[in-house]
Amino acid sequence: MRTLMRAGAFVAVASAALLTAPCAHASARGDNGDVKIHKSATDEYDQRNEPHVCSFYLDAFNFDGRQQVDWHIEAWAPTAATKGETVKSGAVTLDADGHGRTADMTLPDGHYKLFWNFDGEKGAAKHKVFWTQCESSGGGGTTPSGSPSASASASASASPSGTVGASASPSSSSGAGASVPASASPSAQGGSGDLAETGSGAPVGLLSGAAAVLVAAGGGLVLWRRRAARG
C-alpha cells in the first residue's frame, strides 16, 4: 500500500512540473526574436531581410511582448573611415506580439553593422550587416540596382520604334517596295537565296522527312534480301 502511495505522489509531482514548465518558459524573456533591414517601400510585416538599401528602417519580429530595445549602427569595413564608429542610434518599444519598427532613415553610401540590444537578452546582441547606396539624384526606397535596369528597358523599348522608322522610309520612297514582306529582307542583305530564309519554293522540312523515309525503306530492303539469300 505504501509503495502505491509513493508511486502516486511521484506521478502527481511530475505532472505538476510538466504543467507549470510551459508557463515558466512563456513568462521568461529570451533571445527568440530577429531584426531585419527593410527598404522604406517594403511592408513592415514582410519578414525578409534586404541588405542593400537606400532609405531604410529596422523591423523586429517574434520578440517577447513589450520588450524595450536599444539599437545603434556602426560604420564598418571596408568603407568606414573609422571602423566601429557609431553613426546612428535609437530606441523602440515592441508591441504585445514582439513586433516593432523604427522610422525611415538614410546614411551616406557605405557598409554598416546594426547592433540590436533588448531587455532580457541572454546572448550577444542581434546584429545585421548591410550596404547603403543611393542614386545620385536621391530616391526614397529604391536601390541603385533599379536604375540600370530602368535605363536598359527604356533603351530597349525605344530601339524597336527606331527600327520601324528606318524600315518605313524606303517603303515610302518607292511604291513597289511597300509590298515586299519583312521575311525577304535577310536574303536581300545576305544574298544567299536559301529557301529556309526567304520562305519561297518547296518546304525543306517535308523534303527532308521524305528522304529519311526512303533511306530507311532502302536499308530495310537490303537487309531482307541478305536474309533471303542466306536462307
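Residues numbered from 1 in each chain as written. Predicted model: local features only at pLDDT ≥ 70, side-chain atom pairs only at ≥ 80, totals over all residues. Heavy atoms only, no water.

(A) Structural view of the overall build of the chain. Of regular secondary structure, the chain possesses five helices and eight strands. Counted from the first residue to the last, the chain has its helices and strands arranged as α-β-β-β-β-β-β-β-β-α-α-α-α. In the chain, which comprises 231 residues, the share counted as buried stands at 23%. Intrachain contacts of the chain at a sequence separation of at least 6 include 58% that bridge at least 24 residues. Of the roughly 14,800 Å² of accessible surface on the chain, a fraction of 61% belongs to carbon and sulfur atoms. (Helix = DSSP H or I, 4+ residues; strand = E, 2+ residues; numbered from the N terminus. Buried < 20%, exposed > 50% of the residue type's maximum accessible area, 1.4 Å probe, protein only. Contact = heavy atoms within 4.5 Å. Areas by Shrake-Rupley, 256 points an atom, 1.4 Å probe, with all protein chains shown as cover.)

(B) Inspection of the sheet that holds strand S8 (residues 126–132) at higher detail. Taken together, five strands build an open sheet; the order of strands is S2-S8-S7-S4-S5 and the sheet is mixed. Only two strands of the sheet have a single partner each, and these edge strands are strand S2 (52–53) and strand S5 (86–93). Looking at chain direction, strand S4 (residues 68–75) and S5 are connected through seven bridges and run antiparallel. What sits directly across from Glu-74, in S5, is Thr-86. (Pairing = 2+ DSSP bridges.)

(C) Summary view of the sheet that holds strand S1 (residues 34–39). Pairing in this open sheet of three strands is antiparallel, and the strands run S1-S3-S6 from one edge to the other. Across the chains shown, the open sheet's two edge strands, defined by having one partner strand only, are S1 and strand S6 (100–101). One ladder, built from two bridges, connects strand S3 (residues 56–61) with S6; its direction is antiparallel. Bridge pairing links Ala-60 to Gly-100 in S6.

(D) Region of the structure containing the state of the cysteines. Enumeration according to the criterion identifies one disulfide in this entry. The disulfide partner of Cys-54 is Cys-134, and the gap between their sulfur atoms is 1.9 Å. Given an S-S torsion of about 110°, the disulfide between Cys-54 and Cys-134 has right-handed geometry. Separated by 80 residues along the polypeptide, Cys-54 in the loop between S2 and S3 and Cys-134 in the loop between S8 and helix H2 (146–173) bring together distant segments of the chain. The same class applies to Cys-54 and to Cys-134, which are both buried. (Disulfide = S-S within 2.5 Å.)

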